[in-house]
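# Tertiary structure, described
Each chain, letter by letter, is given below.
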Amino acid sequence: MTVHLHWFLPTGGDGRTLVDRHVYGDGGIGRARTASGVRPPDIDYLAQIAKAAERLGFEAVLTPTGTWCEDAWLTTAALAQHTERLKFLVAFRPGVLSPVLAAQMAATYQRITRGRLLLNVVTGGDSAEQRRFGDFLDHDRRYARTAEFLEVVRGVWGGRPFDFRGEHFQVEGGLTALPPDPLPEIFFGGSSAAAGPVAAEHADVYLTWGEPPWQVKEKIDWIRRLAEERGRSVRFGIRLHTISRDSAREAWATADRLLADLDPETVAAAQTALGRSESVGQQRMLALHAGGTLDRDRLEIAPNLWAGVGLVRGGAGTALVGSHTDVADRIEEYHDLGVEHFVLSGYPHLEEAYWFGEGVTPELAARGLLPTVPASPPLGVPAANGRPASAPGGAPLLVAGGGR
(Lines give C-alpha, C1' and ligand atoms only; values in the text may rest on other atoms or scores of the structure.)
Protein backbone atom coordinates (compact mmCIF):
# COMPACT_ATOMS: atom_id res chain seq x y z
CA MET A 1 0.00 0.00 0.00
CA THR A 2 1.54 3.29 -1.10
CA VAL A 3 0.73 6.78 0.14
CA HIS A 4 -1.59 9.20 -1.69
CA LEU A 5 -0.61 12.81 -1.03
CA HIS A 6 -3.17 15.61 -1.36
CA TRP A 7 -2.97 19.35 -0.69
CA PHE A 8 -5.57 22.01 0.21
CA LEU A 9 -7.10 24.99 -1.60
CA PRO A 10 -7.75 27.86 0.86
CA THR A 11 -10.88 29.22 -0.82
CA GLY A 12 -11.71 31.20 2.31
CA GLY A 13 -8.40 33.09 2.14
CA ASP A 14 -4.80 32.38 3.03
CA GLY A 15 -1.90 34.07 4.76
CA ARG A 16 1.05 33.96 7.11
CA THR A 17 -1.09 33.78 10.22
CA LEU A 18 -3.73 31.55 11.78
CA VAL A 19 -5.85 34.59 12.65
CA ASP A 20 -8.49 35.54 10.12
CA ARG A 21 -12.25 35.84 9.81
CA HIS A 22 -12.72 32.17 10.75
CA VAL A 23 -11.85 33.00 14.35
CA TYR A 24 -15.28 34.37 15.11
CA GLY A 25 -18.59 32.58 15.17
CA ASP A 26 -20.10 35.15 12.81
CA GLY A 27 -17.12 34.95 10.46
CA GLY A 28 -16.01 38.44 11.42
CA ILE A 29 -19.21 40.07 10.15
CA GLY A 30 -19.87 41.83 13.44
CA ARG A 31 -16.29 42.76 14.25
CA ALA A 32 -13.87 45.13 12.62
CA ARG A 33 -10.58 43.26 12.49
CA THR A 34 -7.73 43.36 10.04
CA ALA A 35 -5.19 40.55 10.09
CA SER A 36 -1.84 41.28 8.50
CA GLY A 37 -0.60 39.06 5.72
CA VAL A 38 -4.05 37.86 4.62
CA ARG A 39 -4.45 36.88 0.96
CA PRO A 40 -7.91 36.85 -0.62
CA PRO A 41 -8.92 33.71 -2.53
CA ASP A 42 -8.90 35.20 -6.01
CA ILE A 43 -8.58 32.81 -8.92
CA ASP A 44 -5.03 33.87 -9.79
CA TYR A 45 -3.72 33.04 -6.32
CA LEU A 46 -5.64 29.77 -6.11
CA ALA A 47 -4.27 28.84 -9.53
CA GLN A 48 -0.74 29.38 -8.20
CA ILE A 49 -1.44 26.87 -5.43
CA ALA A 50 -3.09 24.36 -7.76
CA LYS A 51 -0.22 24.54 -10.23
CA ALA A 52 2.32 24.18 -7.43
CA ALA A 53 0.50 21.14 -6.05
CA GLU A 54 0.46 19.52 -9.48
CA ARG A 55 4.10 20.35 -10.09
CA LEU A 56 5.15 18.92 -6.73
CA GLY A 57 3.42 15.59 -7.26
CA PHE A 58 0.29 15.95 -5.13
CA GLU A 59 -2.53 13.82 -6.47
CA ALA A 60 -5.44 16.09 -5.54
CA VAL A 61 -6.43 19.22 -3.64
CA LEU A 62 -9.26 19.41 -1.11
CA THR A 63 -11.64 22.33 -1.49
CA PRO A 64 -13.82 23.18 1.56
CA THR A 65 -17.49 24.06 1.73
CA GLY A 66 -19.46 26.55 3.83
CA THR A 67 -20.37 30.18 4.28
CA TRP A 68 -16.85 31.55 4.58
CA CYS A 69 -15.34 30.11 1.41
CA GLU A 70 -16.01 30.19 -2.30
CA ASP A 71 -18.27 27.54 -3.84
CA ALA A 72 -16.20 24.40 -4.31
CA TRP A 73 -17.80 23.16 -7.55
CA LEU A 74 -17.44 26.45 -9.42
CA THR A 75 -13.97 27.27 -8.13
CA THR A 76 -12.44 23.89 -8.96
CA ALA A 77 -14.12 23.72 -12.37
CA ALA A 78 -12.33 26.96 -13.17
CA LEU A 79 -9.02 25.71 -11.76
CA ALA A 80 -9.27 22.53 -13.81
CA GLN A 81 -8.58 24.74 -16.83
CA HIS A 82 -5.26 25.81 -15.25
CA THR A 83 -4.04 22.27 -14.55
CA GLU A 84 -3.65 19.01 -16.45
CA ARG A 85 -3.46 16.07 -14.04
CA LEU A 86 -4.44 17.43 -10.63
CA LYS A 87 -7.63 15.98 -9.14
CA PHE A 88 -10.10 17.99 -7.07
CA LEU A 89 -11.53 16.66 -3.82
CA VAL A 90 -14.73 18.72 -3.84
CA ALA A 91 -16.49 19.10 -0.49
CA PHE A 92 -20.26 19.42 -0.51
CA ARG A 93 -23.22 19.08 1.85
CA PRO A 94 -25.95 16.53 1.12
CA GLY A 95 -28.61 18.70 2.78
CA VAL A 96 -28.47 21.57 0.31
CA LEU A 97 -29.03 19.93 -3.09
CA SER A 98 -30.89 17.06 -4.69
CA PRO A 99 -28.97 13.76 -4.79
CA VAL A 100 -29.96 13.24 -8.43
CA LEU A 101 -28.68 16.71 -9.31
CA ALA A 102 -25.47 16.02 -7.39
CA ALA A 103 -25.00 12.78 -9.33
CA GLN A 104 -25.53 14.66 -12.60
CA MET A 105 -23.11 17.41 -11.58
CA ALA A 106 -20.47 14.82 -10.73
CA ALA A 107 -20.95 13.09 -14.06
CA THR A 108 -20.59 16.35 -15.95
CA TYR A 109 -17.55 17.29 -13.89
CA GLN A 110 -15.86 13.98 -14.70
CA ARG A 111 -16.34 14.52 -18.42
CA ILE A 112 -15.17 18.13 -18.58
CA THR A 113 -12.10 17.39 -16.40
CA ARG A 114 -11.41 13.96 -17.93
CA GLY A 115 -11.88 12.07 -14.69
CA ARG A 116 -10.36 14.40 -12.10
CA LEU A 117 -13.18 14.52 -9.51
CA LEU A 118 -13.15 13.12 -5.96
CA LEU A 119 -16.07 13.80 -3.60
CA ASN A 120 -15.84 14.81 0.07
CA VAL A 121 -19.24 14.43 1.72
CA VAL A 122 -19.68 16.87 4.64
CA THR A 123 -22.73 16.11 6.74
CA GLY A 124 -22.27 19.22 8.90
CA GLY A 125 -21.74 19.72 12.62
CA ASP A 126 -22.92 23.28 13.26
CA SER A 127 -26.69 23.78 13.34
CA ALA A 128 -26.40 27.57 12.91
CA GLU A 129 -24.38 27.05 9.73
CA GLN A 130 -26.80 24.41 8.47
CA ARG A 131 -29.82 26.66 9.09
CA ARG A 132 -28.08 29.39 7.12
CA PHE A 133 -28.50 27.11 4.10
CA GLY A 134 -32.07 26.17 4.98
CA ASP A 135 -31.27 22.87 6.71
CA PHE A 136 -33.05 22.42 10.06
CA LEU A 137 -32.39 18.74 10.81
CA ASP A 138 -30.62 17.76 14.03
CA HIS A 139 -27.20 16.05 14.12
CA ASP A 140 -28.23 12.39 13.94
CA ARG A 141 -30.98 12.94 11.36
CA ARG A 142 -28.45 14.70 9.13
CA TYR A 143 -26.40 11.50 9.07
CA ALA A 144 -29.49 9.42 8.32
CA ARG A 145 -30.20 11.74 5.40
CA THR A 146 -26.60 11.45 4.19
CA ALA A 147 -26.99 7.66 4.05
CA GLU A 148 -30.10 8.02 1.88
CA PHE A 149 -28.42 10.68 -0.26
CA LEU A 150 -25.46 8.45 -1.06
CA GLU A 151 -27.70 5.48 -1.79
CA VAL A 152 -29.57 7.59 -4.35
CA VAL A 153 -26.36 8.97 -5.88
CA ARG A 154 -24.90 5.51 -6.41
CA GLY A 155 -28.29 4.25 -7.65
CA VAL A 156 -28.68 6.84 -10.38
CA TRP A 157 -25.07 6.33 -11.46
CA GLY A 158 -26.13 2.82 -12.49
CA GLY A 159 -27.26 4.00 -15.90
CA ARG A 160 -30.89 2.84 -15.56
CA PRO A 161 -33.95 4.48 -13.97
CA PHE A 162 -33.74 4.24 -10.18
CA ASP A 163 -36.61 4.44 -7.70
CA PHE A 164 -36.13 5.27 -4.04
CA ARG A 165 -38.49 5.97 -1.17
CA GLY A 166 -36.99 6.97 2.15
CA GLU A 167 -37.63 9.31 5.05
CA HIS A 168 -35.73 12.21 3.46
CA PHE A 169 -35.77 11.54 -0.29
CA GLN A 170 -38.26 10.12 -2.76
CA VAL A 171 -37.14 9.53 -6.33
CA GLU A 172 -39.02 8.02 -9.26
CA GLY A 173 -37.00 7.05 -12.32
CA GLY A 174 -33.89 8.87 -11.15
CA LEU A 175 -31.29 8.70 -13.87
CA THR A 176 -27.92 10.03 -14.88
CA ALA A 177 -28.12 9.54 -18.61
CA LEU A 178 -24.34 9.47 -18.98
CA PRO A 179 -22.89 8.06 -15.74
CA PRO A 180 -19.45 9.31 -14.69
CA ASP A 181 -16.50 7.27 -15.87
CA PRO A 182 -14.67 6.57 -13.67
CA LEU A 183 -17.04 6.82 -10.72
CA PRO A 184 -15.68 9.45 -8.30
CA GLU A 185 -14.31 8.06 -5.04
CA ILE A 186 -16.34 9.18 -2.02
CA PHE A 187 -14.45 10.52 1.01
CA PHE A 188 -16.44 10.78 4.22
CA GLY A 189 -15.67 11.67 7.83
CA GLY A 190 -17.45 11.61 11.15
CA SER A 191 -16.60 10.58 14.70
CA SER A 192 -20.08 10.14 16.16
CA ALA A 193 -22.03 6.93 16.62
CA ALA A 194 -24.39 8.13 13.89
CA ALA A 195 -21.53 8.62 11.43
CA GLY A 196 -19.84 5.22 11.70
CA PRO A 197 -22.49 3.10 9.93
CA VAL A 198 -22.77 5.66 7.11
CA ALA A 199 -19.02 5.47 6.51
CA ALA A 200 -19.03 1.69 6.66
CA GLU A 201 -21.91 1.40 4.18
CA HIS A 202 -21.11 4.14 1.67
CA ALA A 203 -17.56 5.57 1.91
CA ASP A 204 -14.64 4.57 -0.27
CA VAL A 205 -12.25 6.48 2.02
CA TYR A 206 -12.96 7.27 5.68
CA LEU A 207 -11.27 10.57 6.53
CA THR A 208 -10.30 11.52 10.08
CA TRP A 209 -8.74 14.66 11.48
CA GLY A 210 -5.20 14.44 12.82
CA GLU A 211 -5.49 12.86 16.23
CA PRO A 212 -2.58 11.05 17.96
CA PRO A 213 -1.76 7.67 16.39
CA TRP A 214 -3.39 5.58 19.13
CA GLN A 215 -6.68 7.45 18.71
CA VAL A 216 -6.51 7.12 14.93
CA LYS A 217 -5.99 3.38 15.33
CA GLU A 218 -9.15 3.16 17.45
CA LYS A 219 -11.12 4.88 14.70
CA ILE A 220 -9.68 2.67 11.99
CA ASP A 221 -10.52 -0.45 13.97
CA TRP A 222 -14.06 0.84 14.57
CA ILE A 223 -14.85 1.64 10.93
CA ARG A 224 -13.10 -1.47 9.62
CA ARG A 225 -15.21 -3.67 11.89
CA LEU A 226 -18.45 -1.94 10.84
CA ALA A 227 -17.52 -2.29 7.17
CA GLU A 228 -16.64 -5.97 7.52
CA GLU A 229 -20.04 -6.59 9.12
CA ARG A 230 -21.55 -5.22 5.91
CA GLY A 231 -19.29 -7.21 3.61
CA ARG A 232 -17.34 -4.11 2.55
CA SER A 233 -13.82 -2.74 2.87
CA VAL A 234 -12.99 0.91 3.43
CA ARG A 235 -9.69 2.71 2.92
CA PHE A 236 -8.50 5.40 5.33
CA GLY A 237 -7.23 8.95 5.14
CA ILE A 238 -6.15 11.68 7.54
CA ARG A 239 -6.37 15.48 7.42
CA LEU A 240 -3.32 17.31 8.82
CA HIS A 241 -1.44 20.58 8.56
CA THR A 242 2.33 20.49 8.11
CA ILE A 243 5.29 22.65 9.09
CA SER A 244 8.33 20.95 7.59
CA ARG A 245 11.78 22.51 7.44
CA ASP A 246 15.42 21.54 6.86
CA SER A 247 15.81 21.23 10.62
CA ALA A 248 13.45 20.62 13.51
CA ARG A 249 14.62 23.87 15.09
CA GLU A 250 13.47 25.87 12.06
CA ALA A 251 10.11 24.09 11.97
CA TRP A 252 9.35 24.72 15.64
CA ALA A 253 10.45 28.34 15.25
CA THR A 254 7.77 28.70 12.57
CA ALA A 255 5.18 27.13 14.88
CA ASP A 256 6.27 29.53 17.62
CA ARG A 257 5.81 32.49 15.27
CA LEU A 258 2.26 31.38 14.44
CA LEU A 259 1.59 31.03 18.16
CA ALA A 260 3.04 34.47 18.89
CA ASP A 261 0.39 36.02 16.60
CA LEU A 262 -2.33 34.85 19.00
CA ASP A 263 -3.48 36.47 22.22
CA PRO A 264 -5.65 35.04 24.99
CA GLU A 265 -8.69 37.10 23.95
CA THR A 266 -8.55 35.85 20.36
CA VAL A 267 -8.14 32.26 21.50
CA ALA A 268 -11.01 32.57 23.99
CA ALA A 269 -13.35 33.98 21.33
CA ALA A 270 -12.47 31.16 18.95
CA GLN A 271 -12.84 28.48 21.60
CA THR A 272 -16.26 29.78 22.57
CA ALA A 273 -17.43 29.70 18.96
CA LEU A 274 -15.96 26.27 18.27
CA GLY A 275 -17.36 24.90 21.51
CA ARG A 276 -20.88 25.38 20.17
CA SER A 277 -20.29 22.87 17.39
CA GLU A 278 -22.35 19.68 17.49
CA SER A 279 -19.56 17.84 15.66
CA VAL A 280 -18.06 15.05 17.77
CA GLY A 281 -14.88 15.35 15.68
CA GLN A 282 -14.67 19.07 16.51
CA GLN A 283 -15.08 18.35 20.21
CA ARG A 284 -12.28 15.78 19.97
CA MET A 285 -10.07 18.43 18.36
CA LEU A 286 -10.86 20.89 21.15
CA ALA A 287 -9.96 18.31 23.77
CA LEU A 288 -6.42 17.98 22.40
CA HIS A 289 -5.05 21.37 23.41
CA ALA A 290 -5.78 21.60 27.14
CA GLY A 291 -8.46 24.29 27.10
CA GLY A 292 -6.78 26.84 24.87
CA THR A 293 -3.30 26.86 26.34
CA LEU A 294 -0.60 28.91 24.60
CA ASP A 295 2.14 26.75 26.14
CA ARG A 296 3.98 25.12 23.23
CA ASP A 297 5.19 22.20 25.32
CA ARG A 298 1.60 21.28 26.20
CA LEU A 299 0.51 21.71 22.59
CA GLU A 300 2.83 18.96 21.35
CA ILE A 301 0.33 16.19 22.09
CA ALA A 302 2.37 13.39 20.49
CA PRO A 303 5.83 13.37 18.90
CA ASN A 304 5.84 16.10 16.21
CA LEU A 305 2.03 16.51 16.47
CA TRP A 306 1.15 20.12 17.38
CA ALA A 307 -2.38 21.19 18.37
CA GLY A 308 -1.78 24.93 17.95
CA VAL A 309 -3.88 25.33 14.80
CA GLY A 310 -7.00 24.21 16.64
CA LEU A 311 -6.72 27.08 19.09
CA VAL A 312 -8.37 29.42 16.61
CA ARG A 313 -9.51 27.37 13.62
CA GLY A 314 -12.26 24.81 13.24
CA GLY A 315 -11.89 21.47 11.55
CA ALA A 316 -8.44 19.95 11.31
CA GLY A 317 -6.57 21.45 14.26
CA THR A 318 -3.22 19.66 14.35
CA ALA A 319 0.02 19.95 12.39
CA LEU A 320 3.01 17.71 11.84
CA VAL A 321 6.00 19.85 12.89
CA GLY A 322 9.66 18.97 12.46
CA SER A 323 12.44 18.29 10.03
CA HIS A 324 11.56 16.65 6.72
CA THR A 325 12.72 13.35 8.18
CA ASP A 326 10.58 13.88 11.31
CA VAL A 327 7.47 14.55 9.25
CA ALA A 328 8.17 11.57 6.99
CA ASP A 329 8.57 9.41 10.11
CA ARG A 330 5.15 10.45 11.40
CA ILE A 331 3.50 9.86 8.01
CA GLU A 332 5.06 6.42 7.91
CA GLU A 333 3.75 5.77 11.43
CA TYR A 334 0.18 6.63 10.39
CA HIS A 335 0.64 4.62 7.20
CA ASP A 336 1.63 1.57 9.26
CA LEU A 337 -1.73 1.89 11.05
CA GLY A 338 -3.54 1.67 7.71
CA VAL A 339 -3.78 5.31 6.60
CA GLU A 340 -3.40 5.60 2.84
CA HIS A 341 -4.56 9.13 1.98
CA PHE A 342 -2.90 12.20 3.53
CA VAL A 343 -4.76 15.48 2.96
CA LEU A 344 -2.29 18.18 3.98
CA SER A 345 -2.11 21.95 4.26
CA GLY A 346 -0.05 24.76 5.78
CA TYR A 347 0.12 28.53 6.20
CA PRO A 348 0.65 30.00 3.71
CA HIS A 349 -0.44 27.19 1.41
CA LEU A 350 1.75 28.16 -1.53
CA GLU A 351 5.04 28.25 0.37
CA GLU A 352 4.25 25.25 2.57
CA ALA A 353 3.43 23.15 -0.50
CA TYR A 354 7.01 23.71 -1.67
CA TRP A 355 8.51 22.99 1.75
CA PHE A 356 6.69 19.66 1.89
CA GLY A 357 7.03 18.77 -1.79
CA GLU A 358 10.76 19.43 -1.91
CA GLY A 359 11.57 18.14 1.57
CA VAL A 360 9.22 15.37 2.69
CA THR A 361 8.09 13.89 -0.61
CA PRO A 362 11.62 12.73 -1.60
CA GLU A 363 11.96 11.14 1.85
CA LEU A 364 8.74 9.20 1.36
CA ALA A 365 9.80 8.15 -2.15
CA ALA A 366 13.14 6.89 -0.85
CA ARG A 367 11.25 4.70 1.64
CA GLY A 368 9.14 3.16 -1.12
CA LEU A 369 5.95 4.85 0.07
CA LEU A 370 5.27 6.62 -3.22
CA PRO A 371 4.75 4.84 -6.54
CA THR A 372 7.08 7.23 -8.40
CA VAL A 373 9.53 9.94 -7.47
CA PRO A 374 8.11 13.34 -8.54
CA ALA A 375 10.32 15.34 -10.85
CA SER A 376 12.18 18.07 -8.97
CA PRO A 377 11.27 21.64 -9.95
CA PRO A 378 14.12 23.66 -11.46
CA LEU A 379 16.48 25.02 -8.87
CA GLY A 380 19.10 27.72 -9.07
CA VAL A 381 17.32 30.64 -7.44
CA PRO A 382 18.73 31.30 -3.97
CA ALA A 383 16.34 30.98 -1.05
CA ALA A 384 15.29 34.17 0.63
CA ASN A 385 13.21 35.14 3.61
CA GLY A 386 12.71 31.59 4.78
CA ARG A 387 11.12 30.37 1.56
CA PRO A 388 12.18 27.36 -0.50
CA ALA A 389 14.61 28.10 -3.31
CA SER A 390 12.19 27.06 -6.03
CA ALA A 391 9.14 28.87 -4.73
CA PRO A 392 8.14 31.32 -7.46
CA GLY A 393 10.93 33.87 -7.68
CA GLY A 394 12.65 32.58 -4.54
CA ALA A 395 11.83 35.93 -2.97
CA PRO A 396 9.03 37.45 -0.92
CA LEU A 397 5.72 36.69 -2.61
CA LEU A 398 3.74 39.78 -3.44
CA VAL A 399 0.07 38.86 -3.53
CA ALA A 400 -2.77 41.31 -3.87
CA GLY A 401 -4.46 41.40 -0.50
CA GLY A 402 -5.91 43.39 2.28
CA GLY A 403 -7.86 42.87 5.47
CA ARG A 404 -11.15 41.07 5.66
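Before reading further, recall that the structure is shown in the block above.
About the criteria used
- Residues numbered from 1 in each chain as written.
- Predicted model: local features only at pLDDT ≥ 70, side-chain atom pairs only at ≥ 80, totals over all residues.
- Heavy atoms only, no water.
- Axes fitted to C-alpha atoms, helices over the stretch in contact; angles between N-to-C directions.
- Helix = DSSP H or I, 4+ residues; strand = E, 2+ residues; numbered from the N terminus.
- Parallel < 35°, antiparallel > 145°, perpendicular 65-115°, else oblique.
- Contact = heavy atoms within 4.5 Å.
- Nonpolar A, V, L, I, M, F, W, Y, C, P; charged D, E, K, R; others polar.
- Left-handed = near helix turned anticlockwise from the far one by under 90°.
- Buried < 20%, exposed > 50% of the residue type's maximum accessible area, 1.4 Å probe, protein only.
- Pairing = 2+ DSSP bridges.
- Right-handed = clockwise from strand over helix to strand, strands pointing away.
- Core = buried A, V, L, I, M, F, W, Y, C linked by side-chain atoms within 4.5 Å.
- Salt bridge = Lys/Arg side-chain N within 4 Å of Asp/Glu carboxyl O.

Moving on to the packing of helix α5 (residues 139-156) against helix α6 (residues 195-202). Viewed as axis vectors pointing N to C, α5 and α6 meet at an angle of 10°, and their least axial separation amounts to 9 Å. Relative to α6, the element α5 is oriented roughly parallel. On α6, the residues touching Tyr143, Thr146, Ala147, Leu150, Glu151 and Arg154 of α5 are Ala195, Val198 and His202. Looking at the contact of α5 with α6, its residues break down into 5 nonpolar, 2 polar and 2 charged.

Time to look at the packing of helix α7 (residues 213-229) against helix α12 (residues 324-337). At their nearest, the axes of α7 and α12 sit 10 Å apart, and the two run at 25° to each other. Considering their axes alone, α7 and α12 lie roughly parallel with respect to each other. Crossing hand, α7 versus α12: right-handed. Where α7 approaches α12, its residues Pro213, Val216, Lys217 and Ile220 are matched on the opposing element by Glu333, Tyr334 and Leu337. A per-class count over the contact of α7 with α12 returns 5 nonpolar, no polar and 2 charged.

With an omega of 5°, the peptide bond running from aspartate 181 to proline 182 counts as cis. Within the element layout of this structure, proline 182 appears in the loop between β8 (170-174) and β9 (186-188). With an omega dihedral of -5°, the bond running from tyrosine 347 to proline 348 counts as a cis peptide bond. Looking at the element boundaries, proline 348 is found in the loop between β15 (339-345) and α13 (349-366). Of note, the phi angle at arginine 114 is positive, near 60°, even though the residue is not glycine. Relative to the helices and strands, arginine 114 is located in the loop between α3 (99-113) and β6 (117-121). Take arginine 114: its relative accessible area is 75%, and that puts it in the exposed class. A positive phi is found at asparagine 304, a non-glycine position, where the angle reads about 65°.

Among the 5 residues of strand β10 (residues 205-209), 4 are classified as buried, and the element is accordingly described as predominantly covered. In this sheet, β10 lies alongside β9 in parallel orientation, the contact comprising 2 bridges. Counted as the bridge partner of phenylalanine 188 is tyrosine 206 from β10. For the crossover that starts at β9, traverses α6 and ends in the parallel β10, the hand is right-handed. Bridging between β10 and strand β11 (residues 235-245) involves 5 bridges; their strand directions are parallel. Residue pairing for β11: tyrosine 206 is matched across the bridge by phenylalanine 236. Following the backbone out of β10, through α7 and into the adjacent parallel β11, one traces a crossover that is right-handed.

On to the nonpolar core, then. Leu5, Phe88, Trp306, Tyr334, Phe342, Phe356 and Leu364 are the most contacted members of the largest nonpolar core, which has 102 residues in total. Contacts of phenylalanine 356, omitting those with residues within four sequence positions, involve Leu5, Phe58, Thr242, Val327, Ile331, Leu344, Thr361 and Leu364. Counting residues in each nonpolar core, the second largest holds 9 residues, with Leu89, Leu118, Leu207 and Val343 among its members.

Looking at the secondary structure, you find serine 323 in strand β14 (residues 319-323). Leave out the neighbours within four places in its chain, and serine 323 touches Ser244, Arg245, Asp246, Ser247 and Ala248.

A word on α6. Burial of α6 is extensive: 6 of the 8 residues sit out of reach of the surface. Within the sequence span of α6, burial applies to Ala195, Gly196, Val198, Ala199, Ala200 and His202. Tucked into the core, α6 has its buried residues touching α5, β9, β10 and α7.

This brings us to the pattern of salt bridges. Counted by the stated rule, this structure contains 19 salt bridges. Where glutamate 229 meets arginine 225, a salt bridge forms, and the shortest distance between an N and an O atom there is 3.3 Å. One end of the pair is glutamate 229 and the other is arginine 225, both in helix α7 and 4 residues apart, which spans about a single turn. We classify glutamate 229 as exposed; its relative accessible area is 56%. The exposure class assigned to arginine 225 is partly exposed, which follows from its relative accessible area of 41%. Of the charged contacts in the structure, one is a salt bridge between arginine 235 and glutamate 340, with a shortest N-O distance of 3.8 Å.

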